[in-house]
Amino acid sequence: MHSPLGPASISPGGHVAIVGAGPGDPGLLTLRGHDLLLHADVVLYDRLIDTRLLDTPYKPACRRVYVGKELPGRASRDAQQRHINATMVREARRGKRVVRLKGGDPLIFGRGGEEAAVLAAAGIDFEIVPGVTAALGAAATTGIPFTHRGVAQEVTFATAHGAKGGTPPPWSALGKLRGTIVFYMGTYTLPFAAKKLIAAGRRPSTPVAVVERATTTRQRVVTGTLANIAARAGAAAVRPPSLVIVGDAVDLRSSLDWFEKRLLFGKKILVTRPANEDPGSHRLEELGAEVTRLPGLEFRPARNSGALDRALRGLARFDWVVFTSPRGAEFAHRRMEKLGLDARAFGSARVAVVGWMTRTMVDAYFEIRTDLVPDDERAEGLAEALRRRGLRGKRILLLRADQGRDVLPELLSKAGAKVSDVVAYEHTEPKPDRAILARFASGEFDAALVTSGEIASTLKRWLGRRPWPERTKLVTIGPVTSGAVREIGWPVGREATEPRKLVEATIEALTK
Ligand code: SAH
């Protein structure tokens with residue numbers, strides 16, 4: 001999808017986009033920013049950028065350069081800034097498309113103005129893309145409306161940072177304001193700032209909220225008054241990045257705090273299914289969970305495609321073509337493209353699938369209608385549904401993984417069908433992300449979703465002698481997977497009543 005400004009790749013030659021990445025939740029990046037990332041040759045990013053933004057499907061050659069290292073002392077921060085400026089200029093002069101990705105909005109306490117000035121002086125083509133600044137992100141996710149009829153008529157963004165040296169904030173002016181004040185970089189200067197505001201005339205009972213990691217699954221909010229907030233934030237050990245919100249509007253939060261009330265807020269969930277087969281994670285994230293992926297399974301095309309090619313060229317000879325997984329449809333389609341075949345190759349063959357996801361994929365890839373999707377999303381369900389339509393003498397093509405269960409071909413043959421069981425793709429074991437695996441083993445996750453017996457045994461191999469982490473609820477996608485899990489000796493915390501109910505099972509596991 002393109003933003004109204006048009007595709008990001010129009011201008012040839014060097015170009016720098018100073019892009020606001022938003023306050024933390026990667027979903028808050030603008031469409032324009034996303035477009036620019038997709039076309040970037042070089043991305044320079046800061047400390048507060050969510051790593052998921054760096055997983056965007058960039059151009060393969062795109063370099064991602066971390067430039068946010070905080071060096072101690074003011075001179076070194078300036079040196080760091082000079083380095084960033086020089087890199088932007090150099091890459092742009094080489095004709096590269098550079099994205100300078102900055103937390104929040106580039107022009108709010110972000111030195112974006114300084115960077116733009118450098119580019120302007122160097123005569124480099126640049127643009128600035130706004131981002132949701134931390135304060136506005138926090139307003140939404142804390143439920144504190146910065147302006148509100150009868151409560152707050154104006155809002156001020158300030159920083160209390162200058163208290164440690166540099167230009168101090170105009171305390172006496174700030175103390176006279178009656179609306180909302182939001183302080184950036186105020187975590188450590190909070191006691192000082194609160195005193196200054198009271199001394200300058202703000203009521204000591206003025207409500208205050210301190211918001212750590214706003215908009216993320218780790219958001220924390222501490223509330224109090226100007227008189228006691230420093231002690232409360234200290235007791236809660238609030239850390240940067242955090243904001244301080246001062247003003248009567250803070251009280252509205254007591255009825256508007258929707259964010260932390262979501263069903264799975266802050267829950268850490270490990271998802272082990274392959275990344276491209278993960279329809280439920282989006283919903284889990286919407287409910288406030290932090291989803292981490294450790295795929296226990298990966299797919300690749302069949303190494304020997306002879307049988308597959310013959311089957312695909314002769315699709316029309318079959319009475320039924322059966323896809324038992326979304327990937328079966330995907331890999332069959334890929335191979336058909338290579339062979340120069342399209343949906344016409346199916347002729348009058350009918351199509352049956354296991355599962356609604358597979359049906360969606362068949363729809364998407366072949367643009368043909370699926371004739372049969374049994375409610376029972378297991379091999380047994382499909383065999384029974386086909387049997388009821390008459391199987392004797394029927395030619396059936398199964399396009400499956402190399403490691404499909406034998407039940408389906410057995411049941412179909414027993415009912416009198418002539419079955420061709422063809423490997424459309426293969427399962428392989430991915431390399432685990434060691435850091436995530438260690439977090440898993442240490443019991444950091446509230447739940448782990450296990451979606452096949454094969455994935456369970458891979459996890460078992462990865463854990464080695466380490467036991468299933470006790471505090472992590474094991475949620476399975478169904479009885480077959482549960483059986484495999486129990487065989488390993490692990491406790492099934494919850495089992496989905498059907499595959500598409502995995503999210504529901506996860507919610508139950510974590511809330512009941
Ligand atoms: N340009 C950024 C601000 C950079 S200054 C913006 O527009 O948001 C860094 C300060 O921003 C932090 O010290 C903190 O006060 C604030 N900040 C950034 N991200 C935050 C977050 N997720 N939650 C709370 N404060 C945040």
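Given the structure is predicted, the values throughout are model-derived calculations rather than measurements.

Trainee: Which residues make up the overall build of the protein chain, and what values go with them?
Mentor: Regarding its fold elements, the protein chain presents 18 helices and 20 strands. By residue count, 50% of the 512 residues in the protein chain fall in the buried class. The long-range fraction of contacts in the protein chain, counting pairs at least 24 apart against all pairs at least 6 apart in sequence, stands at 67%. Entry remark: accessible area of the protein chain is about 24300 Å², with carbon and sulfur atoms responsible for 53%.

Trainee: So, the site of the ligand: which residues are in play, and what are the values?
Mentor: Neighbouring the ligand are 18 residues; Asp105, Ile108, Thr133, Met185 and Ser242 lie closest to it. One of the backbone N or O atoms of Asp105 is found 2.8 Å from an oxygen atom in the ligand. Summarising the interface, the protein chains cover 90% of the accessible area of the ligand, which totals 550 Å² for the free molecule.

Trainee: If you had to explain the nonpolar core to someone new, which residues and values would you point to?
Mentor: Formed by 47 residues in total, the largest nonpolar core has its most connected members in Val321, Phe323, Phe346, Phe366, Leu399 and Phe440. The next biggest cluster of nonpolar side chains, apart from the first, holds 19 residues, and it includes Trp171, Ile181, Phe183 and Val222.

Trainee: Describe the packing of helix α15 (residues 434-441) against helix α16 (residues 453-463), and please don't skip the residues or the numbers.
Mentor: Between α15 and α16, whose axes approach to 11 Å, the crossing angle comes to 90°. Here α15 lies roughly perpendicular to α16, going by the angle between them. Side by side, α15 and α16 meet where Leu437, Phe440 and Ala441 of the first sit next to Leu459, Trp462 and Leu463 of the second. In terms of residue class, the contact of α15 with α16 is made up of 6 nonpolar, no polar and no charged.

Trainee: Mind laying out the sheet that holds strand β14 (residues 320-323), listing which residues take part and the relevant values?
Mentor: Spatial ordering of the open sheet is given by β13-β17-β16-β14-β15, a layout of 5 strands whose pairing is mixed. Edge positions in the sheet fall to β13 (298-301) and β15 (350-353), since each has one partner strand and no second. The sheet shows a mean angle of 30° between the axes of neighbouring strands, taken without regard to direction. Judged from the 4 bridges that link them, β14 and strand β16 (residues 395-401) form a sheet pairing that is parallel. Bridging across to β16, Trp320 finds its partner in Ile396. Each of β14 and β15 is contacted by helix α12 (residues 356-366), which is oriented at about 140° to β15, the strand it contacts most. Across the sheet, helix α14 (residues 407-414) lies against β14, β16 and β17 (418-428), angled at about 175° from β16, the strand it touches most.

Trainee: Give me the pairing of strand β18 (residues 447-450): which residues, what numbers.
Mentor: Burial along β18 is two-sided: the face carrying Ala447 and Leu449 and the face carrying Ala448 and Val450 are both buried. Sheet topology places strand β11 (residues 268-271) next to β18; 3 bridges connect them, and they run parallel. Each residue of the ladder has a partner; that of Val271, found in β18, is Leu449. Relative to strand β19 (residues 473-476), β18 runs parallel, the two being bridged by 4 bridges.

Trainee: Just give me the short version of the pairing of strand β7 (residues 180-184), but keep the residues and values in it.
Mentor: Counting buried residues in β7 gives 5 out of 5 residues, a clear majority hidden from the surface. Going residue by residue along β7, you find Thr180, Val182 and Tyr184 tucked away on one face and Ile181 and Phe183 tucked away on the opposite face as well. Here strand β6 (residues 155-159) pairs with β7 via 5 bridges, running parallel. Bridge assignment links Val155 to a residue of β7, and that residue is Thr180. Sheet topology note: the β7/strand β10 (residues 242-246) ladder contains 3 bridges and is antiparallel.

Trainee: Just give me the short version of the pattern of salt bridges, but keep the residues and values in it.
Mentor: Enumeration according to the criterion identifies 38 salt bridges in this entry. Between Arg63 and Glu91 there is a salt bridge; the shortest N-O distance is 2.6 Å. Taken as a pair, Arg63 in strand β3 (residues 63-66) and Glu91 in helix α2 (residues 74-93) lie far apart in primary sequence, 28 residues in all. The class of Glu91 is buried, set by a relative accessible area of 2%. A salt bridge links Asp421 to Arg400; the shortest N-O distance between them is 2.8 Å. With Asp421 in strand β17 and Arg400 in strand β16, this pair connects stretches of sequence that are 21 residues apart. Under the relative-accessibility criterion, Arg400 is labelled buried at 6%. Salt bridges sharing partners connect three or more residues here, namely Arg218, Lys268, Glu290, Arg439 and Glu444.

Trainee: I'd like to hear about the packing of helix α10 (residues 306-313) against helix α11 (residues 326-339), residue by residue, with values.
Mentor: Between α10 and α11, whose axes approach to 10 Å, the crossing angle comes to 75°. Classed by the angle they form, the pair α10 and α11 counts as roughly perpendicular. Between α10, through Leu308, Asp309, Leu312 and Arg313, and α11, the contact on the second element is made entirely by Ala332, Arg335, Met336 and Leu339. For the contact of α10 with α11, a count of residues per class yields 5 nonpolar, no polar and 3 charged.

Trainee: Give a description of the sheet that holds strand β4 (residues 97-102) that names residues and reports values.
Mentor: Spatially, 5 strands are ordered β3-β2-β4-β1-β5 in an open sheet, and the strand pairing comes out parallel. Each having just a single partner strand, β3 and β5 (126-129) make up the two edges of the open sheet. For this sheet the average axis-to-axis angle between neighbouring strands, irrespective of direction, equals 15°. With respect to the sheet, helix α1 (residues 31-38) is in contact with β1 (15-20), β2 (42-45), β4 and β5, its orientation differing from that of β5 by roughly 135°. Contacts between helix α3 (residues 112-121) and the sheet are confined to β1, β4 and β5, with β1 contributing the most and set at about 170° to the helix.

Trainee: How would you explain the confidence of the model for the protein chain if you had to name every residue and give the values?
Mentor: Per-residue confidence for the protein chain gives a mean pLDDT of 92; residues scoring 70 or more make up 95%. Taken together, the stretch residues 6-11 has pLDDT below 50 and engages in 14 contacts with residues farther than four places along the chain or on a different chain.

Trainee: Which residues make up the side chain of Asp309, and what values go with them?
Mentor: By the secondary structure assignment, Asp309 is in helix α10. Take Asp309: its relative accessible area is 11%, and that puts it in the buried class. Discounting chain neighbours no more than four positions away, the residues touching Asp309 are Arg335 and Leu339.

Cut-off values and rules
- Counting restarts for each chain: residues are numbered from 1 in the order of the written sequence.
- Selection of residues for local features in this predicted model requires a pLDDT of at least 70, selection of side-chain atom pairs for listing and counting requires 80 or more, and totals for whole chains, interfaces and linings are taken over all residues.
- Only hydrogens and water are set aside when side-chain values are computed; all heavy atoms of the structure are taken into account.
- Secondary structure is summarised from DSSP: a helix means a run of H or I of at least four residues, a strand means a run of E of at least two, and numbering begins at the N terminus for each.
- Only protein chains enter the accessibility calculation, which uses a 1.4 Å probe. A residue is then buried if its area is under 20% of the maximum for its type, exposed if over 50%, and partly exposed in between.
- We call two residues in contact when some of their heavy atoms are within 4.5 Å.
- Per-residue accessibility takes into account occlusion by the displayed protein chains alone, with areas from the Shrake-Rupley method and a 1.4 Å probe.
- Any residue with a heavy atom positioned within 4 Å of a molecule or strand is treated as near that molecule or strand.
- Here a polar contact means two N or O atoms within 3.5 Å. Within protein one must be a hydrogen donor candidate and the other an acceptor candidate, and residues neighboring in sequence count only if both atoms are side-chain atoms.
- Among the buried residues, those of types Ala, Val, Leu, Ile, Met, Phe, Trp, Tyr and Cys that are joined through side-chain atoms within 4.5 Å form a nonpolar core.
- In this description, a line fitted to the C-alpha atoms serves as the axis of each element, helices being fitted only across the stretch in contact, and the angle between N-to-C directions of two axes falls anywhere from 0 to 180 degrees.
- When describing relative orientation, an angle under 35 degrees is termed roughly parallel and one over 145 degrees roughly antiparallel, while 65 to 115 degrees is termed roughly perpendicular and anything else oblique.
- Under the scheme applied, nonpolar residues are Ala, Val, Leu, Ile, Met, Phe, Trp, Tyr, Cys and Pro; charged residues are Asp, Glu, Lys and Arg; polar residues are all the others, including Gly.
- What makes two strands pair is DSSP finding at least two bridges between them.
- One speaks of a salt bridge when a side-chain nitrogen belonging to Lys or Arg is within 4 Å of a carboxyl oxygen belonging to Asp or Glu.
- Known as pLDDT, the predictor's per-residue confidence is scaled from 0 to 100.

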